[in-house]
Amino acid sequence: MTTIHDRIETITKQAALDAGVDPDSDARRELASHLFDLAAARAVGREMTLADVEAAWLEFSPRAIHLLREDAAPAIEAAATGAPFVPIPRTASWRRRFAAYLLDVAAMVATVVISALVLIELMSETADPLEILVMIDLLILLVIMSVFEARRGATPGKQTFHLRTVDAQGRNPSWVRALIITVPKIFPPLLALDTILGLLTGVRDRRRLTERLTDLRVIQVN
Amino acid sequence: MPEREDLAEEVARWRREISKGGLRLALLSILNEGESYGYQILATLQARGDGVLHPTEAAVYPMLKDLERGGYLLSRWHATGDGVPPRKYYRLSASGNRLLLGLRQAWQQFRDGFEDFAGGKG
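About the cut-offs
- Residues numbered from 1 in each chain as written.
- Chains lettered and ligands numbered in written order.
- Predicted model: local features only at pLDDT ≥ 70, side-chain atom pairs only at ≥ 80, totals over all residues.
- Heavy atoms only, no water.
- Contact = heavy atoms within 4.5 Å.
- Salt bridge = Lys/Arg side-chain N within 4 Å of Asp/Glu carboxyl O.
- Polar contact = N/O pair within 3.5 Å; in protein donor to acceptor, adjacent residues only side chain to side chain.
- Helix = DSSP H or I, 4+ residues; strand = E, 2+ residues; numbered from the N terminus.
- Buried < 20%, exposed > 50% of the residue type's maximum accessible area, 1.4 Å probe, protein only.
- Phe/Tyr/Trp six-rings, centres within 6.5 Å; stacked < 30°, edge-to-face > 60°.
- Lys NZ or Arg CZ within 6 Å of the ring centre and 35° of its normal.
- 1 Å grid on protein atoms, 1.4 Å probe; cavity = no way out; pocket = protein on both sides within 12 Å on 5 of 7 lines; lining within 4 Å.
- Points joined across faces, edges and corners; volume = space filled by probe spheres on them.
- Nonpolar A, V, L, I, M, F, W, Y, C, P; charged D, E, K, R; others polar.
- Expected span 1.5 Å × (residues − 1).

1. Considerations on the interface of chain B and chain A
Much of the literature gives interface size as the accessible area that the parts lose upon coming together.
Argument step 1. At the interface, 25 residues of chain B touch 27 residues of chain A.
Argument step 2. For the pair chain B and chain A, the interface holds two salt bridges.
Argument step 3. When the shortest N-O distance is used, the salt bridge between Glu57 of chain B and Arg63 of chain A registers 2.5 Å.
Argument step 4. Here chain B is connected to chain A by seven residue pairs in polar contact (both at pLDDT 80 or more).

2. Side note on the environment of Ile30 of chain B
Residue and element names in this part refer to chain B.
Argument step 1. Looking at the element boundaries, Ile30 is found in helix 1 (residues 4-32).
Argument step 2. The class of Ile30 is buried, set by a relative accessible area of 9%.
Argument step 3. For the pair Ile30 and Leu42, spaced 12 residues apart in the sequence, the C-alpha separation amounts to 10.0 Å.
Argument step 4. Apart from the residues within four sequence positions on either side, Ile30 is in contact with Ile41, Thr44 and Leu45.

3. Focus: the packing of aromatic side chains
Argument step 1. Scanning the entire structure with this criterion turns up four aromatic pairs over all chains.
Argument step 2. Note on Trp57 of chain A and Phe60 of chain A: the rings are 6.0 Å apart at their centroids and 75 degrees apart in plane angle, and the pair reads as edge-to-face. Taken as a pair, Trp57 of chain A and Phe60 of chain A lie in helix 3 (residues 50-68) at a separation of three residues, close to a single helical turn.
Argument step 3. Judged by its relative accessible area of 1%, Phe60 of chain A is buried.
Argument step 4. Taken together, a centroid distance of 5.0 Å and an interplanar angle of 15 degrees make the contact between Phe110 of chain B and Phe114 of chain B stacked. Placement of the pair is Phe110 of chain B and Phe114 of chain B together in helix 4 (residues 94-118), with a separation of four residues, close to one helical turn.
Argument step 5. The exposure class of Phe114 of chain B is partly exposed, given its relative accessible area of 36%.
Argument step 6. Through successive ring pairs, a cluster of aromatic residues spans Trp107, Phe110 and Phe114 of chain B.
Argument step 7. Between the NZ or CZ atom of Arg76 of chain B and the centre of the ring of Tyr89 of chain B, over which it lies, the distance is 5.3 Å.

4. Concerning the layout of surface pockets
All names here are of chain B.
Argument step 1. For the second largest pocket, the calculated volume is near 500 Å³.
Argument step 2. Mapped by element, the contributors of at least two residues to the lining of the second largest pocket are helix 1, helix 2 (38-47) and helix 4.
Argument step 3. For the lining of the second largest pocket, the element with the most residues is helix 1, which contributes eight residues.
Argument step 4. Classifying every residue of the lining of the second largest pocket by side-chain character gives eight nonpolar, five polar and four charged.

5. Side note on helix 5 (residues 94-122) of chain A
Argument step 1. In this model, helix 5 of chain A (29 residues) spans 41 Å end to end at C-alpha, consistent with the 42 Å of a helix rising 1.5 Å per residue.
Argument step 2. Every buried residue of helix 5 of chain A is accounted for by Arg97, Ala100, Tyr101, Asp104, Met108, Val112, Ser115 and Ala116 of chain A.

Right, dumping it as C-alpha coordinates:
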(Lines give C-alpha, C1' and ligand atoms only; values in the text may rest on other atoms or scores of the structure.)
Protein backbone atom coordinates (compact mmCIF):
# COMPACT_ATOMS: atom_id res chain seq x y z
CA MET A 1 0.00 0.00 0.00
CA THR A 2 1.32 3.42 -0.91
CA THR A 3 1.95 5.60 2.10
CA ILE A 4 1.84 9.38 2.11
CA HIS A 5 5.59 9.43 2.55
CA ASP A 6 6.10 7.13 -0.45
CA ARG A 7 3.79 9.17 -2.63
CA ILE A 8 5.52 12.45 -1.74
CA GLU A 9 8.90 10.87 -2.43
CA THR A 10 7.74 9.55 -5.81
CA ILE A 11 6.17 12.85 -6.89
CA THR A 12 9.08 15.03 -5.86
CA LYS A 13 11.78 12.72 -7.20
CA GLN A 14 10.05 12.62 -10.57
CA ALA A 15 9.77 16.41 -10.54
CA ALA A 16 13.48 16.63 -9.78
CA LEU A 17 14.36 14.28 -12.64
CA ASP A 18 12.16 16.27 -15.01
CA ALA A 19 13.94 19.44 -13.97
CA GLY A 20 17.36 17.85 -14.35
CA VAL A 21 18.02 18.06 -10.62
CA ASP A 22 19.56 15.37 -8.43
CA PRO A 23 16.67 13.55 -6.68
CA ASP A 24 18.86 13.23 -3.60
CA SER A 25 19.63 16.94 -3.47
CA ASP A 26 18.69 19.25 -0.61
CA ALA A 27 16.40 21.13 -2.98
CA ARG A 28 14.36 17.99 -3.70
CA ARG A 29 14.13 17.13 -0.01
CA GLU A 30 12.96 20.64 0.74
CA LEU A 31 10.34 20.27 -1.98
CA ALA A 32 9.09 17.09 -0.28
CA SER A 33 8.89 18.86 3.06
CA HIS A 34 6.95 21.76 1.52
CA LEU A 35 4.53 19.48 -0.28
CA PHE A 36 3.87 17.62 2.95
CA ASP A 37 3.04 20.87 4.75
CA LEU A 38 0.74 22.00 1.92
CA ALA A 39 -1.10 18.69 2.08
CA ALA A 40 -1.27 18.89 5.88
CA ALA A 41 -2.79 22.37 5.61
CA ARG A 42 -5.61 20.85 3.58
CA ALA A 43 -6.28 18.24 6.23
CA VAL A 44 -6.65 20.44 9.29
CA GLY A 45 -8.74 18.67 11.92
CA ARG A 46 -8.62 15.28 10.26
CA GLU A 47 -6.13 12.67 9.15
CA MET A 48 -4.20 13.48 6.00
CA THR A 49 -4.92 11.26 2.99
CA LEU A 50 -3.26 10.57 -0.34
CA ALA A 51 -5.99 12.68 -1.93
CA ASP A 52 -4.70 15.70 0.04
CA VAL A 53 -1.22 15.10 -1.34
CA GLU A 54 -2.54 14.80 -4.89
CA ALA A 55 -4.67 17.93 -4.56
CA ALA A 56 -1.81 19.90 -3.03
CA TRP A 57 0.53 18.79 -5.80
CA LEU A 58 -2.00 19.65 -8.51
CA GLU A 59 -2.17 23.20 -7.26
CA PHE A 60 1.47 23.59 -6.30
CA SER A 61 3.33 21.80 -9.13
CA PRO A 62 3.61 24.84 -11.45
CA ARG A 63 5.54 26.62 -8.69
CA ALA A 64 7.57 23.59 -7.61
CA ILE A 65 10.34 24.42 -10.03
CA HIS A 66 11.26 27.44 -7.91
CA LEU A 67 12.32 25.14 -5.10
CA LEU A 68 14.43 23.00 -7.38
CA ARG A 69 16.15 25.64 -9.41
CA GLU A 70 19.76 26.25 -8.41
CA ASP A 71 20.08 29.61 -10.13
CA ALA A 72 17.78 31.71 -7.95
CA ALA A 73 18.21 35.07 -9.66
CA PRO A 74 15.71 34.64 -12.53
CA ALA A 75 12.97 33.47 -10.18
CA ILE A 76 13.55 36.36 -7.76
CA GLU A 77 13.53 38.82 -10.62
CA ALA A 78 10.38 37.32 -12.12
CA ALA A 79 8.61 37.33 -8.77
CA ALA A 80 9.57 40.96 -8.23
CA THR A 81 8.67 42.33 -11.63
CA GLY A 82 5.73 40.10 -12.45
CA ALA A 83 7.48 39.01 -15.63
CA PRO A 84 6.70 35.50 -16.81
CA PHE A 85 9.22 33.06 -15.43
CA VAL A 86 10.26 30.33 -17.81
CA PRO A 87 10.86 27.19 -15.80
CA ILE A 88 13.54 24.66 -16.62
CA PRO A 89 12.28 22.60 -19.56
CA ARG A 90 11.76 18.92 -19.10
CA THR A 91 14.92 16.86 -19.61
CA ALA A 92 14.38 14.36 -22.42
CA SER A 93 13.96 10.70 -21.53
CA TRP A 94 16.59 8.16 -22.59
CA ARG A 95 13.94 6.29 -24.57
CA ARG A 96 13.07 9.32 -26.68
CA ARG A 97 16.73 10.17 -27.17
CA PHE A 98 17.50 6.61 -28.25
CA ALA A 99 14.67 6.74 -30.79
CA ALA A 100 16.08 10.00 -32.18
CA TYR A 101 19.54 8.44 -32.30
CA LEU A 102 18.26 5.40 -34.23
CA LEU A 103 16.70 7.74 -36.76
CA ASP A 104 19.99 9.62 -37.14
CA VAL A 105 21.89 6.33 -37.48
CA ALA A 106 19.50 5.13 -40.17
CA ALA A 107 20.01 8.37 -42.09
CA MET A 108 23.78 8.19 -41.62
CA VAL A 109 24.05 4.54 -42.70
CA ALA A 110 21.95 5.23 -45.77
CA THR A 111 24.12 8.22 -46.64
CA VAL A 112 27.37 6.29 -46.16
CA VAL A 113 26.24 3.26 -48.16
CA ILE A 114 24.86 5.27 -51.06
CA SER A 115 27.81 7.64 -51.26
CA ALA A 116 30.30 4.77 -50.93
CA LEU A 117 28.63 2.86 -53.75
CA VAL A 118 28.62 5.91 -55.96
CA LEU A 119 32.22 6.77 -55.21
CA ILE A 120 33.42 3.16 -55.69
CA GLU A 121 31.78 3.22 -59.07
CA LEU A 122 33.51 6.46 -59.96
CA MET A 123 36.90 5.53 -58.48
CA SER A 124 37.11 1.87 -59.43
CA GLU A 125 40.79 2.26 -60.25
CA THR A 126 41.74 3.24 -56.71
CA ALA A 127 43.25 0.48 -54.55
CA ASP A 128 41.24 -0.57 -51.50
CA PRO A 129 39.07 2.54 -51.44
CA LEU A 130 36.19 1.31 -49.27
CA GLU A 131 37.64 1.94 -45.82
CA ILE A 132 38.98 5.32 -46.85
CA LEU A 133 35.65 6.31 -48.37
CA VAL A 134 33.73 5.22 -45.28
CA MET A 135 36.08 7.19 -43.05
CA ILE A 136 35.67 10.28 -45.22
CA ASP A 137 31.91 9.82 -45.16
CA LEU A 138 31.88 9.52 -41.38
CA LEU A 139 33.97 12.66 -40.98
CA ILE A 140 31.63 14.55 -43.28
CA LEU A 141 28.65 13.26 -41.28
CA LEU A 142 30.36 14.32 -38.08
CA VAL A 143 30.64 17.85 -39.41
CA ILE A 144 27.06 17.85 -40.73
CA MET A 145 25.59 16.58 -37.45
CA SER A 146 27.64 19.13 -35.51
CA VAL A 147 26.34 21.88 -37.78
CA PHE A 148 22.76 20.75 -37.09
CA GLU A 149 23.43 20.78 -33.33
CA ALA A 150 25.09 24.19 -33.35
CA ARG A 151 22.75 25.94 -35.80
CA ARG A 152 19.40 24.35 -34.96
CA GLY A 153 20.09 22.86 -31.55
CA ALA A 154 19.11 19.41 -32.82
CA THR A 155 20.00 16.70 -35.30
CA PRO A 156 17.24 15.63 -37.73
CA GLY A 157 16.40 12.74 -35.41
CA LYS A 158 16.09 15.06 -32.42
CA GLN A 159 13.94 17.47 -34.42
CA THR A 160 11.60 14.62 -35.33
CA PHE A 161 11.19 13.69 -31.68
CA HIS A 162 10.90 17.32 -30.49
CA LEU A 163 14.22 17.36 -28.68
CA ARG A 164 16.74 20.16 -28.42
CA THR A 165 20.26 20.44 -27.11
CA VAL A 166 20.77 23.54 -24.99
CA ASP A 167 23.43 25.07 -22.78
CA ALA A 168 22.82 26.33 -19.25
CA GLN A 169 21.27 29.53 -20.61
CA GLY A 170 18.94 27.66 -22.97
CA ARG A 171 20.93 28.57 -26.10
CA ASN A 172 22.13 26.33 -28.90
CA PRO A 173 25.52 24.71 -28.26
CA SER A 174 28.66 26.40 -29.53
CA TRP A 175 30.46 24.79 -32.48
CA VAL A 176 33.11 23.22 -30.29
CA ARG A 177 30.62 21.83 -27.79
CA ALA A 178 28.42 20.52 -30.59
CA LEU A 179 31.42 18.73 -32.06
CA ILE A 180 32.39 17.20 -28.72
CA ILE A 181 28.95 15.70 -28.08
CA THR A 182 28.62 14.49 -31.68
CA VAL A 183 31.91 12.57 -31.91
CA PRO A 184 30.70 9.61 -29.78
CA LYS A 185 27.60 9.27 -31.95
CA ILE A 186 29.71 8.52 -34.97
CA PHE A 187 31.51 5.69 -33.15
CA PRO A 188 28.93 3.51 -31.33
CA PRO A 189 31.37 1.91 -28.80
CA LEU A 190 32.41 5.41 -27.77
CA LEU A 191 28.75 6.39 -27.44
CA ALA A 192 28.08 3.40 -25.20
CA LEU A 193 31.06 4.31 -23.01
CA ASP A 194 30.00 7.97 -22.95
CA THR A 195 26.47 7.00 -21.85
CA ILE A 196 27.57 4.50 -19.23
CA LEU A 197 30.06 6.95 -17.73
CA GLY A 198 27.34 9.59 -17.76
CA LEU A 199 25.08 7.27 -15.79
CA LEU A 200 27.79 6.24 -13.37
CA THR A 201 29.29 9.62 -12.64
CA GLY A 202 27.57 12.58 -11.13
CA VAL A 203 23.89 12.95 -10.57
CA ARG A 204 21.05 11.08 -12.24
CA ASP A 205 20.22 13.85 -14.65
CA ARG A 206 20.04 11.92 -17.91
CA ARG A 207 23.24 13.27 -19.45
CA ARG A 208 26.08 11.57 -21.25
CA LEU A 209 29.54 12.28 -19.88
CA THR A 210 30.41 14.59 -22.78
CA GLU A 211 27.17 16.50 -22.23
CA ARG A 212 27.99 17.02 -18.59
CA LEU A 213 31.54 18.10 -19.40
CA THR A 214 30.26 20.63 -21.94
CA ASP A 215 27.37 21.70 -19.67
CA LEU A 216 24.79 20.80 -22.28
CA ARG A 217 21.41 19.16 -21.79
CA VAL A 218 18.88 17.54 -24.14
CA ILE A 219 15.39 18.79 -23.41
CA GLN A 220 11.91 18.03 -24.64
CA VAL A 221 10.37 21.05 -26.33
CA ASN A 222 6.77 20.20 -27.07
CA MET B 1 -4.82 58.62 -21.92
CA PRO B 2 -4.16 55.40 -20.01
CA GLU B 3 -7.17 53.27 -19.16
CA ARG B 4 -8.08 52.60 -15.53
CA GLU B 5 -6.85 48.99 -15.94
CA ASP B 6 -3.51 50.23 -17.25
CA LEU B 7 -3.07 52.47 -14.23
CA ALA B 8 -3.99 49.63 -11.88
CA GLU B 9 -1.44 47.39 -13.57
CA GLU B 10 1.15 50.16 -13.38
CA VAL B 11 0.57 50.51 -9.64
CA ALA B 12 0.65 46.73 -9.21
CA ARG B 13 3.94 46.55 -11.10
CA TRP B 14 5.42 49.27 -8.92
CA ARG B 15 4.29 47.40 -5.80
CA ARG B 16 6.02 44.26 -7.02
CA GLU B 17 9.20 46.18 -7.72
CA ILE B 18 9.45 47.73 -4.28
CA SER B 19 8.39 44.51 -2.58
CA LYS B 20 11.47 42.80 -4.00
CA GLY B 21 13.73 44.60 -1.55
CA GLY B 22 11.10 44.52 1.16
CA LEU B 23 10.84 40.76 1.02
CA ARG B 24 14.51 40.34 1.83
CA LEU B 25 14.14 42.56 4.88
CA ALA B 26 10.94 40.82 6.01
CA LEU B 27 12.47 37.39 5.60
CA LEU B 28 15.53 38.27 7.64
CA SER B 29 13.30 39.87 10.29
CA ILE B 30 11.28 36.68 10.67
CA LEU B 31 14.42 34.61 11.06
CA ASN B 32 15.71 37.13 13.59
CA GLU B 33 12.85 35.92 15.82
CA GLY B 34 14.14 32.36 15.67
CA GLU B 35 14.95 29.60 13.24
CA SER B 36 12.24 28.51 10.85
CA TYR B 37 11.63 26.44 7.71
CA GLY B 38 10.37 27.39 4.27
CA TYR B 39 6.68 26.66 4.66
CA GLN B 40 6.51 28.37 8.05
CA ILE B 41 8.40 31.42 6.78
CA LEU B 42 6.06 31.68 3.81
CA ALA B 43 2.99 31.36 6.04
CA THR B 44 4.32 34.06 8.37
CA LEU B 45 5.08 36.40 5.49
CA GLN B 46 1.57 35.90 4.14
CA ALA B 47 -0.08 36.38 7.51
CA ARG B 48 1.76 39.47 8.64
CA GLY B 49 2.38 42.94 7.25
CA ASP B 50 -1.23 43.48 6.14
CA GLY B 51 -0.52 41.35 3.10
CA VAL B 52 1.65 43.98 1.42
CA LEU B 53 4.16 41.39 0.30
CA HIS B 54 1.82 38.45 -0.52
CA PRO B 55 4.81 36.29 -1.55
CA THR B 56 4.67 32.80 -3.00
CA GLU B 57 7.14 29.93 -3.00
CA ALA B 58 8.47 31.38 -6.25
CA ALA B 59 9.98 34.29 -4.35
CA VAL B 60 10.68 32.88 -0.90
CA TYR B 61 12.62 29.69 -1.65
CA PRO B 62 14.94 31.21 -4.27
CA MET B 63 15.64 34.06 -1.86
CA LEU B 64 16.40 31.63 0.96
CA LYS B 65 18.86 29.86 -1.32
CA ASP B 66 20.35 33.16 -2.37
CA LEU B 67 20.83 34.34 1.22
CA GLU B 68 22.24 30.98 2.28
CA ARG B 69 24.67 30.99 -0.61
CA GLY B 70 25.73 34.51 0.39
CA GLY B 71 26.51 33.30 3.91
CA TYR B 72 23.71 35.30 5.54
CA LEU B 73 21.75 32.21 6.56
CA LEU B 74 22.76 28.92 8.12
CA SER B 75 20.67 25.81 7.84
CA ARG B 76 20.23 22.40 9.39
CA TRP B 77 18.00 19.42 8.64
CA HIS B 78 15.67 18.31 11.36
CA ALA B 79 13.76 15.03 11.22
CA THR B 80 10.54 15.00 13.20
CA GLY B 81 9.62 11.41 12.39
CA ASP B 82 6.06 10.05 12.20
CA GLY B 83 6.11 10.10 8.40
CA VAL B 84 6.87 13.81 8.28
CA PRO B 85 9.69 14.54 5.82
CA PRO B 86 12.76 16.19 7.34
CA ARG B 87 12.59 19.98 7.36
CA LYS B 88 15.35 22.38 6.51
CA TYR B 89 15.55 25.01 9.23
CA TYR B 90 17.17 28.36 8.50
CA ARG B 91 18.65 30.82 10.96
CA LEU B 92 20.60 34.05 10.70
CA SER B 93 24.37 33.91 10.64
CA ALA B 94 26.46 36.74 12.10
CA SER B 95 26.62 38.23 8.60
CA GLY B 96 22.87 37.86 8.34
CA ASN B 97 22.41 39.81 11.56
CA ARG B 98 24.60 42.61 10.23
CA LEU B 99 22.75 42.59 6.94
CA LEU B 100 19.43 42.86 8.76
CA LEU B 101 20.67 45.87 10.75
CA GLY B 102 21.93 47.50 7.58
CA LEU B 103 18.69 46.88 5.74
CA ARG B 104 16.62 48.23 8.62
CA GLN B 105 18.68 51.42 8.75
CA ALA B 106 18.45 51.80 4.99
CA TRP B 107 14.70 51.20 5.11
CA GLN B 108 14.28 53.81 7.82
CA GLN B 109 16.23 56.38 5.80
CA PHE B 110 14.34 55.48 2.66
CA ARG B 111 10.97 55.79 4.37
CA ASP B 112 11.82 59.12 6.07
CA GLY B 113 13.35 60.60 2.98
CA PHE B 114 10.61 59.44 0.69
CA GLU B 115 7.85 60.83 2.89
CA ASP B 116 8.32 64.20 1.18
CA PHE B 117 7.24 62.68 -2.11
CA ALA B 118 4.90 59.92 -1.03
CA GLY B 119 3.05 62.19 1.42
CA GLY B 120 1.91 64.40 -1.43
CA LYS B 121 3.49 67.63 -0.18
CA GLY B 122 5.08 68.38 -3.52
